[in-house]
Amino acid sequence: MKHLASHGSLRRSLRLRLLAGTLFWIAASIIAAGWGLGNLFQRHVEAQFLAELKTHLDQLTAQLTLDEKGRPMLALPLSDPRLSHPYSGCYWQVDEIRDSAPAASGLLRSRSLWDDVLTAPPDTPVNGEIHQHRIVGPKGKVLGMIERSVRIDDTPDGKPRSFRLIAAADEALMSAPVARFSGALWLALGVLGIGLVVAALVQVFVGLAPLRKLHAALGKVRSGETPQLDGDFPAEIMPLVDEFNTVLAQNAEVVERARTQAGNLAHALKTSLSVLANAANANISASPQQNELARLVIDQVGTARKQVDYHLTRAQAAATTRMPGTRTPLLPVIDGLVRAMQRIHAERALELRVVPMPETLAFRGDAHDLQEMLGNLLDNACKWAAQRIDVSAGTEGGKLHIFIDDDGAGLAAEQRDAVIQRGVRADEQVPGSGLGLAIVDDLARLYGGELTLEGSPLGGMRSALTLPAPLR
Amino acid sequence: MRILIVEDEPTLQAQLAEGLGAAAYAVDTAGNGIDGHYLGDTEPYDAVVLDLGLPQMDGITVLRKWRASGRTMPVLILTARDGWHEKVAGIDAGADDYLTKPFHMEELLARLRALIRRTVGHASAEISCGPLTLDTRNSRATVDGQSLTLTSHEYRVLAYLMHHRDEVISRSDLVEHIYAQDFDRDSNTVEVFIARLRKKLPPGLIETVRGLGYRLTTLQ
């Protein structure tokens, strides 16, 4: 389970993926570089070591001669001072070969060998060839050694003699610099690696910062704070932001167009209904008897009007409740409706009071739907109030609560639910019961809220509307 | 009382004109926003019935232009667009009332009466002046409870004078408020209506203010 989860998070997190990838490549490159450079240096040091041995061997070859008694000797001492310093690690030795087999080891030796004699493996290189061996030398040190055979024809007794010339050096002379170099190399690579890891971390966090910003901007759209993704984004993300904004705008445009068309249809229908109703009314006035048709027309026009209103409101709300990024400040809507109510109910000299509320109160949803709900509730309150109507609002637990109180006669508790007619379809409504509250309840439910009717502290009815508030 | 109807649906316009005419209003009609705006801007109406979905210029724009140029006559919006956001927009553009289609003619008439009364500052549907009472709900005038028989034009003159009780009303004002625009106007006929009204009313109720016009008053 734990493994699965961590695997999943690696797959899902862009940051972890980038970091894991970068760290892997940093580690791989540093190891490869360290190994490669170390090898290269070692080979270089080895070559130098051999070249040095070869120089000693060549000098030895050049200086080897026989004295008048036929003993081998050097015409001049070899130049490297290490060869005369005891146990310095650099040695040479001359053995005599008789009958193609080594004999008389240590005929001539470097001073550095002191009392020791190099014991070379049995080998007789063909004249001119150089052979290489590893041997154990003085004080148990491992030595790298090269040898060649030399034949001297010009001897005092005229018999040609063969010698085995050996140059050797302690391998520590070679491995010490390699070890020192490796130490320095890995230290430098380690510092480089740490630097790269820090740079990668910074790059991932800085590089992914626009994504975090995008996330925040999307959150704002969802909570309804902004209708579009706002802010500057890098060129790689901007096309995504632009596309998203275009989709949002198109979405809003489609909804708006559908609304307008539904509105136009309703307008056209209702104008015709008006003509029908007026004609029927005129007919009834002209001949109060024998006009069942006219009464039927008036009746049906009323029903048709309610149907159009009901379904138009529902269709508009259904289109907008799913729209992201809609947020409607409450106070301007209430103020506008109160102005309208004061005009429309000017006859009644009502006292409409908006209890002071924070200007930040807002509804997560469409302005038209909020106006529709509050408009119907306020209109009802204005119709039934004796004189006074109070509007108050607040938020609690992510919900917006709006209360509309009046000082009218109110409703008995058992009547309240019947007035709202929960879940009853428009065409099943009792004629004349008024769809206002049913529409409010319906809209509220589409938004996941609700409408309840209660007794008001003012003495009449309280309409309590609960709606979603913006996320932040 | 003179009313302007701006409505583009011809049948409905005719029904409105007939209904308002039957209630003794002088009625002008316009079938589009531009004509409607022009009439409302140049003629002195006592009230306007305005549709919102008008060709050429929509009703809200017409209303805003009137209010911007200082026309204060009461405007009742009559529209099928009955969303509250539309009502609020209409009221904020300067409308005084809002009625949605389909509507009952009686309700329209009641709202118009109320609007006109409110505009001139009367609280009740009945306006009295001494023994004379005008009931705007049924276009009836009574003197000491006795009903008066009035022609449509006589009623319009009397209603206008009653609404502007105690004010001096010029003859041309009367002409403008009792005739529709297309009517063949003759200010001399106003004198004829005044003379007839004086015969039917208690003496001294309608004063002639020389050089200015007429005044309906119980003040002396």
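Residues numbered from 1 in each chain as written. Chains lettered and ligands numbered in written order. Predicted model: local features only at pLDDT ≥ 70, side-chain atom pairs only at ≥ 80, totals over all residues.

For the rest of this paragraph, the subject is the sheet that holds strand E1 (residues 2-6) of chain B. Residues and elements named next belong to chain B. Taken together, five strands build an open sheet; the order of strands is E2-E1-E3-E4-E5 and the sheet is parallel. Of all strands in the sheet, those with a lone pairing partner are strand E2 (26-30) and strand E5 (97-100), marking the two edges. Here the strands of the sheet are splayed against their neighbours by 20° on average, with no regard to which way each runs. Of the strand pairs in this sheet, strand E4 (residues 75-79) and E5 are connected by four bridges, and their pairing is parallel. Note that in E5 the partner of isoleucine 77 across the bridge is tyrosine 98. (Pairing = 2+ DSSP bridges. Helix = DSSP H or I, 4+ residues; strand = E, 2+ residues; numbered from the N terminus. Axes fitted to C-alpha atoms, helices over the stretch in contact; angles between N-to-C directions.)

Time to look at the confidence of the model for chain B. Detailed conclusions should not be drawn from predicted coordinates in areas where pLDDT is low. Residue and element names in this part refer to chain B. Confidence in the prediction of chain B, expressed as mean pLDDT, is 86, and 98% of residues score 70 or more. No element of chain B has a lower mean pLDDT than strand E6 (residues 126-129), at 81, and none a higher one than strand E3 (residues 47-50), at 94. With pTM at 0.61, the complex prediction returns an ipTM value of 0.74. (pLDDT = per-residue confidence, 0-100.)

Okay, the interface of chain A and chain B next. The interface of chain A with chain B comprises 28 residues on the first partner and 25 residues on the second. For the side of chain A that touches chain B, the element with the most residues is helix H5 (residues 238-286) of chain A, which contributes twelve residues. Across the side of chain A that touches chain B, the residue classes tally to eleven nonpolar, ten polar and seven charged. (Contact = placed C-beta atoms within 7 Å. Nonpolar A, V, L, I, M, F, W, Y, C, P; charged D, E, K, R; others polar.)

A separate point is unusual backbone geometry. Residues and elements named next belong to chain B. Here aspartate 144, not a glycine, exhibits a phi torsion of approximately 50°, which is positive. Within the secondary structure, aspartate 144 sits in the loop between strand E8 (140-143) and strand E9 (146-147). Aspartate 144 gets classed as exposed once you count the C-beta atoms within 10 Å, which come to 9. One non-glycine residue, aspartate 166, lies in the positive phi region at around 70°. Its place among the elements puts aspartate 166 in the loop between helix H6 (152-163) and strand E10 (168-169). In this structure aspartate 166 comes out as exposed when scored by C-beta crowding, with 11 C-beta atoms within 10 Å. (Buried ≥ 20, exposed ≤ 12 C-beta atoms within 10 Å, placed from the backbone.)

Attention shifts here to the sheet that holds E8(B). Consider a sheet: its strands pair through backbone hydrogen bonds, and that pairing is either parallel or antiparallel. Residues and elements named next belong to chain B. Spatially, E6-E7-E8-E9 is the arrangement adopted by the four strands of the open sheet, whose pairing is antiparallel. In this open sheet, the two edge strands, each paired with only one partner strand, are E6 and E9. The sheet contact formed by E6 and strand E7 (residues 132-135) spans four bridges and is antiparallel. Bridging across to E7, glutamate 126 finds its partner in aspartate 135.

Attention now moves to helix H3 (residues 59-68) of chain B. Residue and element names in this part refer to chain B. When H3 is considered as a whole, its buried residues turn out to be Gly59, Ile60, Val62, Leu63 and Trp66. Buried residues in H3, looked at end-on, bunch into an arc of 160°, giving them a common side. Here the buried face of H3 lies against E1, helix H2 (33-42), E3, E4 and helix H4 (84-92). Phi turns positive one or two residues past the end of H3, at glycine 70, with a value near 85°. (Arc of directions from axis to C-beta.)

Residue and element names in this part refer to chain A. Two elements in contact, helix H7 (residues 330-344) and helix H8 (residues 367-384), have axes separated by 10 Å at closest approach and are oriented at 40°. Between H7 and H8, the angle is such that the two are oblique. For the crossing formed where H7 meets H8, the hand is right-handed. The segment H7 lies against H8, with Val333, Ile334, Leu337 and Met341 engaging Ala367, Leu370, Gln371, Leu374, Gly375, Leu378, Asp379 and Cys382. Of the residues belonging to the contact of H7 with H8, the class tally is nine nonpolar, two polar and one charged. (Parallel < 35°, antiparallel > 145°, perpendicular 65-115°, else oblique. Left-handed = near helix turned anticlockwise from the far one by under 90°.)

Residue and element names in this part refer to chain A. By the secondary structure assignment, leucine 185 is in helix H3 (residues 172-207). Since 17 C-beta atoms lie within 10 Å of it, leucine 185 is described here as partly exposed. Taking the C-alpha atoms as reference, leucine 185 lies 8.1 Å from leucine 37; in sequence the two are 148 residues apart. Not counting chain neighbours up to four residues away, the residues in contact with leucine 185 comprise Gly34, Leu37 and Gly38.

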